[in-house]
Amino acid sequence: MAVIACVFALPIHARGGGTARLILLGIGSGFAAFILIQFSTAMGEAGLVPVMISAWTPPFVIMLAGLSALLFLEDG
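Our subject in this report is the structure included herewith. (Residues numbered from 1 in each chain as written. Predicted model: local features only at pLDDT ≥ 70, side-chain atom pairs only at ≥ 80, totals over all residues. Heavy atoms only, no water.)

1. Points about the overall build of the chain
Now for step 1: Assigned secondary structure in the chain consists of three helices and zero strands.
Now for step 2: In the chain, the succession of helices and strands from N to C terminus is α-α-α.
Now for step 3: Compactness check: the chain gives a C-alpha radius of gyration of 15 Å against a globular reference of 11 Å for 76 residues, more than 25% above the reference.
Now for step 4: Overall, the C-alpha framework of the chain stretches about 50 × 25 × 15 Å when taken along its three principal axes.
Now for step 5: Of all 76 residues assigned to the chain, the portion counted as buried reaches 16%.
Now for step 6: Within the chain, counting contacts between residues at least 6 apart in sequence, those at least 24 apart form 56% of the total.
Now for step 7: Accessible area of the chain: about 5,600 Å², with a carbon and sulfur share of 76%. (Helix = DSSP H or I, 4+ residues; strand = E, 2+ residues; numbered from the N terminus. Rg over C-alpha atoms; globule rule 2.2 N^0.38 Å. Buried < 20%, exposed > 50% of the residue type's maximum accessible area, 1.4 Å probe, protein only. Contact = heavy atoms within 4.5 Å. Areas by Shrake-Rupley, 256 points an atom, 1.4 Å probe, with all protein chains shown as cover.)

2. With respect to the environment of A42
Now for step 1: Along the chain, the position of A42 falls in helix α2 (residues 19-46).
Now for step 2: With relative accessibility at 42%, the residue A42 sits in the partly exposed group.
Now for step 3: Sequence separation between A42 and S54 is twelve residues, and the spatial gap between their C-alpha atoms is 8.6 Å.

3. Structural notes on the side chain of S54
Now for step 1: Structurally, S54 can be placed in helix α3 (residues 51-75).
Now for step 2: At a separation of 2.9 Å, a polar atom in the side chain of S54 contacts the main-chain carbonyl oxygen of V51.
Now for step 3: Excluding its chain neighbours within four sequence positions, the residues that come into contact with S54 are S40, G44 and V49. (Polar contact = N/O pair within 3.5 Å; in protein donor to acceptor, adjacent residues only side chain to side chain.)

4. Notes on the packing of α2 against α3
Now for step 1: The N-to-C vectors of α2 and α3 enclose an angle of 165°; their axes lie 8 Å apart at closest approach. The orientation of α2 with respect to α3, classified from their angle, is roughly antiparallel. Of the two elements, α2 crosses α3, and the hand of that crossing is right-handed. Taken together, the residues of α3 that come into contact with α2 (itself represented by A33, L36, I37, S40 and G44) are V51, S54, A55, P58, V61 and I62.
Now for step 2: Per-class residue counts for the contact of α2 with α3 are eight nonpolar, three polar and no charged. (Axes fitted to C-alpha atoms, helices over the stretch in contact; angles between N-to-C directions. Parallel < 35°, antiparallel > 145°, perpendicular 65-115°, else oblique. Left-handed = near helix turned anticlockwise from the far one by under 90°. Nonpolar A, V, L, I, M, F, W, Y, C, P; charged D, E, K, R; others polar.)

5. A look at a nonpolar patch on the surface
Now for step 1: Taken together, the side chains of I23, L24 and I27 define a hydrophobic patch exposed on the protein surface, amounting to about 330 Å² of accessible area.
Now for step 2: Mapped onto the elements of the fold, I27 is located in helix α2. (Patch = residues over 30% accessible without salt bridge, like charges linked within 9 Å, V, L, I, M, F, W, Y side chains within 5 Å. Salt bridge = Lys/Arg side-chain N within 4 Å of Asp/Glu carboxyl O.)

As structure tokens, then:
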């Protein structure tokens, strides 16, 4: 979650504007992460996916998405 927060906290400039958009995108990405975690938990509890996979998939997906967004925004 800290990586996702960095994605939306770093582009804020004093006069750049767009702060409301970044706040809404940050809230939306947190909600999407919550939905992914809940879906993965439900899949693991139902026995459709092994428990280890359902436990470790959301952190890896969220971290990879955050790092790729951060690298894309910072490196251009």
